[in-house]
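Here is what each chain is made of, one letter per residue.
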Amino acid sequence: MLYPDNSADKLGFTEVKELIKAHCLSTMGQQMVDKIQVMNNYDQIHKFLSQAQEFKNILLNDAALPINHFFDIKTLASKVKIEGTFLSEEEFFQIQTSLATVFAVIGYFNEREGLYPNLEALFEHLPIEKAIIKKIDMVLDAKGKIRPNASRELLDITSGIAKAEQEARRKIDQIFKSASSNGWTADGSLTIRDGRLCIPLLAENKRKLKGFIHDESSTGQTVYMEPEEVFSLNNRIRDLEFERRREIIKILTQLTDELRPYVPLLLSYHSLLTKLDFVRAKALFAIDIEGEMPIVVNEAKLRLINARHPLLFLSFIKEKKIVVPLNVSIDDGVRIITVSGPNAGGKSVCMKTVGLLQLMSQAGLLIPADENSTVGVFKQVFVDIGDDQSIESDLSTYSAHLSKMKHFVEMANGRTLILIDEFGTGTDPQFGGPIAEAVLESLNQKKVRGMVTTHYSNLKIFSSNTEGIENASMLFDNQQMRPLYQLEVGKPGSSYAFEIAQKIGLPPQVLNLAKNKISAGQKKVDTLLVDLEREKKEIYDTKVQLDRQQRRVDNLLTENEKLKSYLEENQKALIRDAKQQAKDIITNANKLVENTISEIKSNQADKEKTRVLRENLNREVEKNTVKAAAPTKLTGDEDLKVGDWVKLTDSNTTGQVMEIAKDNVIIAIGDLRTVAKRKRVQKVSRKEVPKEIRRAGTSASSTSDVAGFSPEIDVRGMRGEDALHAIEKLLDRALMMSFGSLKIIHGKGDGILRKLIRNYFKKYDQVSHMEDEHPDRGGDGITYVYLK
């Protein structure tokens, strides 16, 4: 599928596999990573990608999968197959812990049945045979050692060894104590020689005790003797230990025989552990590269959104850099993309990114691209990158390229992806260009998909005029003379040869000589490409700026609609309240009139009493009379100032004055700014403005706050905590009002308050630097804080 055989190395796929291997817990998993192949079966690709995606979701969003032990069960199962063999204690312990991991994993997924269907398929129909663990548990303890009661015979032997060791120890302690009291022993205590417990005796006393001498000191002054009485006991212990070993082998052999029927099941468990380790490593690598599962289609197409080269991404993370994402689409309409542009502009990286991500996808690996990206399935991937000249095969660089082109033209079809770097180079451009164009035309006729990079103008022109082939360029900032590493499809790019040469410092006379040697037509084409790219960048920058302004306008309109809605609702509430008040006034007035008439009648229209009642009635009328506010006449600037609240006479909309310019007033209505003629506004008091509107206009009132704000504070005599609290409030207001500096008067004294304040400001990124006042005006008793 891959041609040539070193294509995986050229694209970086081999290096990706090595990074995945580093995440494996077992050699079995690493061996499986080594076997990763690029597949062309859609169902397999989708299954492998889904497994990696599900495992990634477990690692990021679910409880940890109980994967603790991975051992090579396959090798142990192969050993069990052979009649007469037996597994060691350690090997049985490896099987025991591995099966515990298998059963814990199966239990984990059974609790989440249906959540991870593709991972559950790994152990579908796989039984949990706990009889294996039970058999091993009867023989081994939790640490993997033989239980003393694994058999009746072993228990008896173990008890006999313990009694014999106890008797031997008691006897040698008794002899050692006696010899010490007689002064026969050397300095020290009982010691081990040749696995036997011995008494250290002075050499001149060695014949005073009967026994077997196992060793002597380097000076010959001390001998290490095993007493005769203990010798026979130790021999008995050794015989029992041999007997114990024979019994253990008998038990292990019997256990191995009981395990032999389960060999096929053990191999299935081994396969599950290996696959889990493999998928886990792929998921961990996907997290490292921020990989996602793309949309997979069974067609020869791809659409990468915000794609990044995984190896470049990992390298840039270490250097704290950001990879410029790639956006590219290859389908039936645009089958081949011809990428041109300056050297070191990212053409080859762009092409390798496309190739590597396609290989990763078809190998079941998640890719560092947006999850809405689409990858197809290609039957063949042909790659021509780098210099493949061979002395042994008598191939030059160009001959090697032509050999590959021959294979491409003969074997490519509509399900082939081709990747050709520096197409047509390696020979005279006068002939290399036409040959490359003919190869490209032949490949296009076969409906192949792919990407090629070139500097040849004839290929750019051919791509512009040929259906199915599209030009693309790597953007270049010709003002700052630096590549932008962004792919733009739809136009060819200039190589910027002269511009780059000028930046590097090639002598002007050499550059002028070179410019005179190229044809006028070629010079014109290259100049047009440069101008086109510059204009395109200007248009793009303008578009970005317009989009930003449009978003701001949309936000302001939204806020305006909210404010309008609030005002309408508030107006309805005010009218409703006014009607209720009017109703109450009328009701009370009727009662008052009726009472007045009644009292006049009862007093028989007494003049004095009638006058008092009439005055009382007039007072009630005045109390409920609304006095019309005289409109404020704005004849000069002194009548209206920044920060005043005003009302638009034709709409009853209230806002705050931000600026006065001749006959115009700039008013803040919430976050919205509007300009009105002075004669259209009427000044109102702050009390007449609803609280909600005053709060919405807080940002607008910041202008008047600025006028009353002083960036200077005197904290002399304050405690450190109080001083910092006051300074913190001052800093907050200064940052909100965009002040450039603060003046802190803290006094000199012992310098403690000065140090405390300066250390406080060092914590803030918004602080540029600090300095003392001039010595004549306070020196280090005053600190100036400069803000960014």
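Please read these numbers as outputs of a predicted model, since none were measured by experiment. (Residues numbered from 1 in each chain as written. Predicted model: local features only at pLDDT ≥ 70, side-chain atom pairs only at ≥ 80, totals over all residues. Heavy atoms only, no water.)

Asks: Explain the overall build of the chain here, please?
Replies: Scanning the chain from N- to C-terminus turns up 24 helices and 24 strands. In the chain, which comprises 788 residues, the proportion classed as buried is 40%. Split by element, the accessible area of the chain, about 44,300 Å² in all, is 51% carbon and sulfur. (Helix = DSSP H or I, 4+ residues; strand = E, 2+ residues; numbered from the N terminus. Buried < 20%, exposed > 50% of the residue type's maximum accessible area, 1.4 Å probe, protein only. Areas by Shrake-Rupley, 256 points an atom, 1.4 Å probe, with all protein chains shown as cover.)

Asks: Whenever I open this one, the pattern of salt bridges confuses me. Can you help?
Replies: Pairs can form between side chains of opposite charge once their charged atoms are near each other. Taken as a whole and judged by the stated rule, the model has 26 salt bridges. Across the pair D332 and R449 runs a salt bridge whose closest N-O atoms are separated by 2.2 Å. A residue pair is termed long-range when its members are at least 10 positions apart, and D332 in the loop between β8 (326-330) and β9 (336-340) and R449 in strand β13 (residues 449-453) qualify at 117 residues. Judged by relative accessible area, which is 55%, D332 ranks as exposed. (Salt bridge = Lys/Arg side-chain N within 4 Å of Asp/Glu carboxyl O.)

Asks: Which parts of the structure should I look at to understand the nonpolar core?
Replies: The tendency in soluble globular proteins is for nonpolar side chains to be buried as a group. F13, F109, L304, V328, M360 and M451 are the most contacted members of the largest nonpolar core, which has 101 residues in total. Sorting elements by how many residues they give to this core places helix α11 (residues 263-288) first, with 13 residues. Non-local contacts of M451, meaning those with residues more than four positions away in its chain, are made with V328, I337, V339, C350, M351, V354, I418, L419 and I420. (Core = buried A, V, L, I, M, F, W, Y, C linked by side-chain atoms within 4.5 Å. Contact = heavy atoms within 4.5 Å.)

Asks: Got a minute to help me understand the pairing of strand β11 (residues 380-384) in this structure?
Replies: The side chains of a regular strand alternate between both faces of the sheet. For β11, a buried count of five out of five residues is recorded, marking the element as mostly surrounded by other parts of the structure. What you see with β11 is no split at all: Q380, F382 and D384 on one side and V381 and V383 on the other are buried throughout. Of the pairings in the sheet, the one linking strand β1 (residues 2-3) to β11 comprises two bridges and is parallel in character. From the neighbouring strand, Y3 faces β11, where its bridge partner is F382. Where β11 lies against strand β12 (residues 416-420), five bridges are found, and the strand directions are parallel. (Pairing = 2+ DSSP bridges.)

Asks: Any chance you could explain helix α16 (residues 457-465) here in plain terms?
Replies: Side chains of residues three or four places apart in an α-helix project in the same direction, reflecting 3.6 residues per turn. Within the span of α16, buried status applies to L459, K460, F462 and S463. The buried side chains of α16 occupy one side of the element, clustering within an arc of 165° when seen end-on. (Arc of directions from axis to C-beta.)

Asks: Explanation requested: the packing of helix α6 (residues 89-111) against helix α8 (residues 130-137) in the structure shown.
Replies: Between two packed helices, what matters for the description is the angle formed by their axes and the separation of those axes. Remark: α6 packs on α8, axes separated minimally by 10 Å, with the N-to-C direction vectors making an angle of 145°. Every pair of crossing elements has a handedness; the one defined by α6 and α8 is left-handed. Contacts from F92, I95, Q96, L99, A100 and F103 in α6 reach K130, I132, I133, I136 and D137 in α8. (Axes fitted to C-alpha atoms, helices over the stretch in contact; angles between N-to-C directions. Left-handed = near helix turned anticlockwise from the far one by under 90°.)

Asks: Sorry if this is basic, but what is going on with the packing of aromatic side chains here?
Replies: For any pair of aromatic rings, geometry is given as the distance between the ring centres together with the angle between the planes. All chains considered together, the criterion is met by eleven aromatic pairs. Geometrically, the ring pair formed by F103 and Y269 is edge-to-face, given 5.6 Å between the ring centres and 85° between the ring planes. With F103 in helix α6 and Y269 in helix α11, the pair connects residues that are 166 residues apart, well separated along the chain. Given a relative accessible area of 10%, F103 falls into the buried group. Pairing Y784 with Y786 gives two aromatic rings, centres 6.5 Å apart and planes at 25°, and the pair type is stacked. (Phe/Tyr/Trp six-rings, centres within 6.5 Å; stacked < 30°, edge-to-face > 60°.)

Asks: How do you make sense of the environment of D650 when you look at a structure like this?
Replies: Tracing the sequence through the fold places D650 in the loop between β16 (645-648) and β17 (654-661). The exposure class assigned to D650 is exposed, which follows from its relative accessible area of 53%. As a C-alpha pair, D650 and V681 span 31 residues in sequence and 8.5 Å in three-dimensional space.

Asks: Help me understand a nonpolar patch on the surface, please; the structure alone is not making it clear to me.
Replies: Together, L402, F431 and I435 make up a nonpolar patch on the protein surface, roughly 270 Å² of accessible area in all. Within the element layout of this structure, L402 appears in helix α14 (residues 397-411). (Patch = residues over 30% accessible without salt bridge, like charges linked within 9 Å, V, L, I, M, F, W, Y side chains within 5 Å.)

Asks: What should I look at first to understand empty space enclosed by the protein in this one?
Replies: Picture a little ball the size of a water molecule; that probe, rolled over the atoms, points out where space is still empty. Using the criterion set out here, one finds one cavity of 30 Å³ or more in the structure. Put simply, the largest cavity is a space of about 90 Å³. As for the largest cavity, its lining consists of 14 residues, of which Y398, H401, M405, F423 and G424 are closest to the centre. Only α14 and α15 (429-445) provide two or more residues apiece to the lining of the largest cavity. Among the residues making up the lining of the largest cavity, the classes are represented as eight nonpolar, four polar and two charged. (1 Å grid on protein atoms, 1.4 Å probe; cavity = no way out; pocket = protein on both sides within 12 Å on 5 of 7 lines; lining within 4 Å. Points joined across faces, edges and corners; volume = space filled by probe spheres on them. Nonpolar A, V, L, I, M, F, W, Y, C, P; charged D, E, K, R; others polar.)

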